[in-house]
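Each chain is listed here by its residues.
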Amino acid sequence: MDITEITKLEPAGKSNIKGLALAGVIFVFFIIPWIVPSFRVMDVMAKIMIFTIVVASFDLLLGYTGILSFAHGMFFGIGAYSIALILYYSKTPAWYHILCAAGVSIVISMVISLMISFFSLRVKAIFFAMLTLALAEFAHILGVQWTSLTGGEDGISFTLPGIFNFNQTLGTLFNTQVNGRLMIYYFILIIAIFLFAGMLRFIRSPLGRVLKAIRENEQRTIALGYKTFRYQTCSIVFSACIASLAGILFAMWLCYVNPDSVFHTAVMVNILLMVLIGGMGTLYGSLIGAGFFIVTENWLPGLLKSLAGLASDSIILANMASRWQLYFGILFVLVVIFFPKGVIGTIRVILDRRHQIHNL
């Protein structure tokens, strides 16, 4: 029996709704720089696009394959440092340096992810997670200590070539300055669409259906004749390459990289939180998770300070406003309580129940 025979395809109606919703989101990202000509808004939107790709690539591992890897953020850092080092040590940055960085990051990610698969995938559950956590921590220490290459804690600043250079200005259109920053924004949007579409195609392929079967019941999948180790390896390698490409986009947007911004364990924890908020095994939930986390992180502190300013005489309110992480934690707990399977996952469960009741 083939795996495609035991896996049902999505109803056409649901696929159309998802397609229209995704098109609407893309349109919003496209039009935002012209409607709200603010760097802060553009910065938030760009980071949401970048981390949507990173979170979706991690969801391929955790949500679709059932593999918890704490080394996924390391591949994000590999991509960021690939382009940072190449452009930093290039006397005259050119377009081909970006392509070279993409190739280097993919090759390095493939090699390391294959090593992780062969040496770590033999162990299961928490033991695999601990091994990958140790590897991720080693990458962070290496980035901090190898100052001659990575710049250590000071990091690396670099410039981008051509129209991506921040000093390039092509004038003003609709009260929005057309410059290198805007060109990078739309470059990120185009690449993010391409990568997300690639991941959608990956999970809907026969290989993706096998991964879902492995997540649900690995022993039964083996009994059907599938070599699960090979499929899990493909998932790890593919997701690692996607994460490294997202790291390149992140570095291009900031034109700066340091170990704490890409290799720190906190980055991996944030990615995991975004997956849980959006919903594991949904892929579309990565957009919800990344959007919720980044918007909250950027605007919640300012909102709390504004509220505290209404009662400037209160020292208690002022102290409480400075601890925005506490309120973010409360928001996260509320999301987990009211959306136990993540936002998209819980909505999917509710719609499935209504569909079943309707069919009775």
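Residues numbered from 1 in each chain as written. Predicted model: local features only at pLDDT ≥ 70, side-chain atom pairs only at ≥ 80, totals over all residues. Heavy atoms only, no water.

Engineer: I'd like to hear about the overall build of the chain, residue by residue, with values.
Structural biologist: When helices and strands are counted, the chain shows 16 helices and four strands. Here the chain, with 360 residues, has 46% of them falling under the buried criterion. For the chain, the computed accessible surface area is about 18500 Å², with 69% contributed by carbon and sulfur atoms. (Helix = DSSP H or I, 4+ residues; strand = E, 2+ residues; numbered from the N terminus. Buried < 20%, exposed > 50% of the residue type's maximum accessible area, 1.4 Å probe, protein only. Areas by Shrake-Rupley, 256 points an atom, 1.4 Å probe, with all protein chains shown as cover.)

Engineer: Which residues make up helix H2 (residues 39-62), and what are the values?
Structural biologist: Structural remark: α-helix, 3.6 residues per turn; residues separated by three or four positions point the same way. Taking 1.5 Å of rise per residue, 24 residues should cover 34 Å, and H2 covers 34 Å from first to last C-alpha, within 8% of that figure. For H2, the tally of buried residues reaches 21 of 24 residues, placing the bulk of the element in the interior. (Expected span 1.5 Å × (residues − 1).)

Engineer: I'd like to hear about the packing of aromatic side chains, residue by residue, with values.
Structural biologist: For the structure shown, the criterion picks out 15 aromatic pairs. Measuring from ring centre to ring centre gives 5.8 Å for Phe196 and Tyr284, while their planes differ by 65 degrees; the resulting arrangement is edge-to-face. Highlighted residues: Phe196 in helix H7 (residues 180-204) and Tyr284 in the loop between helix H12 (265-278) and helix H13 (285-309), separated in sequence by 88 residues. Taking the relative accessible area as the measure of exposure, Tyr284 reaches 16% and is therefore buried. (Phe/Tyr/Trp six-rings, centres within 6.5 Å; stacked < 30°, edge-to-face > 60°.)

Engineer: Which residues make up helix H3 (residues 72-88), and what values go with them?
Structural biologist: Over its 17 residues, H3 extends 25 Å from the first C-alpha to the last, a length consistent with the 24 Å expected when each residue adds 1.5 Å. Within H3, 16 of the 17 residues are buried, which leaves it mostly tucked inside the rest of the structure.

Engineer: Requested: an account of the environment of Leu135, with residues and values cited.
Structural biologist: Tracing the backbone shows Leu135 in helix H5 (residues 125-145). With 61 residues separating them in the primary sequence, Leu135 and Met74 have C-alpha atoms 8.4 Å apart.

Engineer: Quick rundown of the environment of Phe332? Include the residues and the values.
Structural biologist: Residue position: Phe332 is located in helix H15 (residues 324-338). Residues contacting Phe332, with those up to four places away along its chain left out, are Leu273, Leu276 and Ile277. (Contact = heavy atoms within 4.5 Å.)

Engineer: For the packing of H2 against H7, give the residues involved together with the corresponding values.
Structural biologist: One can describe the packing of H2 onto H7 by two numbers: an axis separation of 10 Å at closest approach and a directional angle of 20 degrees. On the basis of their axis angle, the class for H2 and H7 is roughly parallel. Crossing geometry of H2 relative to H7 is assigned as left-handed. On H7, the residues touching Phe39, Met42, Met45, Ala46, Met49, Ile50, Thr52, Ile53, Ala56, Ser57 and Leu60 of H2 are Arg181, Leu182, Tyr185, Ile188, Leu189, Ala192, Leu195, Phe196, Met199, Phe202 and Ile203. (Axes fitted to C-alpha atoms, helices over the stretch in contact; angles between N-to-C directions. Parallel < 35°, antiparallel > 145°, perpendicular 65-115°, else oblique. Left-handed = near helix turned anticlockwise from the far one by under 90°.)

Engineer: Give a description of the pattern of salt bridges that names residues and reports values.
Structural biologist: Throughout the structure, instances matching the rule amount to two salt bridges. Between Asp43 and Lys47 there is a salt bridge, with the nearest N and O atoms lying 3.4 Å from each other. Here Lys47 and Asp43 lie together in helix H2, a separation of four residues that amounts to about one turn. Residue Arg215 pairs with Glu216 through a salt bridge whose shortest N-O separation is 3.0 Å. We classify Glu216 as exposed; its relative accessible area is 59%. (Salt bridge = Lys/Arg side-chain N within 4 Å of Asp/Glu carboxyl O.)

Engineer: So what's going on with unusual backbone geometry? Residues and values would help.
Structural biologist: With a phi angle near 55 degrees, Cys255 is a residue other than glycine that sits in the positive phi range. Counting through the fold element by element, Cys255 comes out in the loop between helix H10 (228-254) and strand E4 (256-257). Its relative accessible area of 9% is what places Cys255 among the buried residues. Notably, Leu283 is not glycine yet its phi reads approximately 65 degrees, a positive angle. Note that Leu283 resides in the loop between H12 and H13. With a relative accessible area of 0%, Leu283 lands in the buried category.

Engineer: Run through a nonpolar patch on the surface, naming residues and quoting values.
Structural biologist: Among the surface-exposed residues, Leu326, Ile330, Leu331, Val333, Leu334, Ile337, Phe338, Phe339, Ile347 and Leu351 lie close enough to one another that they form a single nonpolar patch of about 890 Å² accessible area. Of all the secondary structure elements, the ones that give two or more residues to the nonpolar patch are H15 and helix H16 (343-359). Topologically, Ile337 is positioned in helix H15. According to the relative accessible area criterion, Ile337 is exposed, its value standing at 56%. (Patch = residues over 30% accessible without salt bridge, like charges linked within 9 Å, V, L, I, M, F, W, Y side chains within 5 Å.)

Engineer: Help me get a handle on the packing of H12 against H15, residues and values and all.
Structural biologist: If you want to describe how two helices pack, look at the angle between their axes and the distance between the axes. For the pair H12 and H15, interaxial distance at closest approach is 10 Å and the crossing angle is 40 degrees. In terms of axis orientation, H12 runs oblique to H15. Read as a crossing pair, H12 and H15 show a hand that is left-handed. Judged by residue contacts, Leu273, Leu276 and Ile277 of H12 engage Phe328, Phe332 and Val335 from H15. Broken down by class, the residue content of the contact of H12 with H15 amounts to six nonpolar, no polar and no charged. (Nonpolar A, V, L, I, M, F, W, Y, C, P; charged D, E, K, R; others polar.)

Engineer: Can you explain the environment of Trp146? Please cite residues and give values.
Structural biologist: Within the secondary structure layout, Trp146 lies in the loop between H5 and helix H6 (147-150). Trp146 gets classed as partly exposed once you look at its relative accessible area, which sits at 44%. Ignoring anything within four residues of it in the chain, the contact list for Trp146 reads Gly151 and Gly152.

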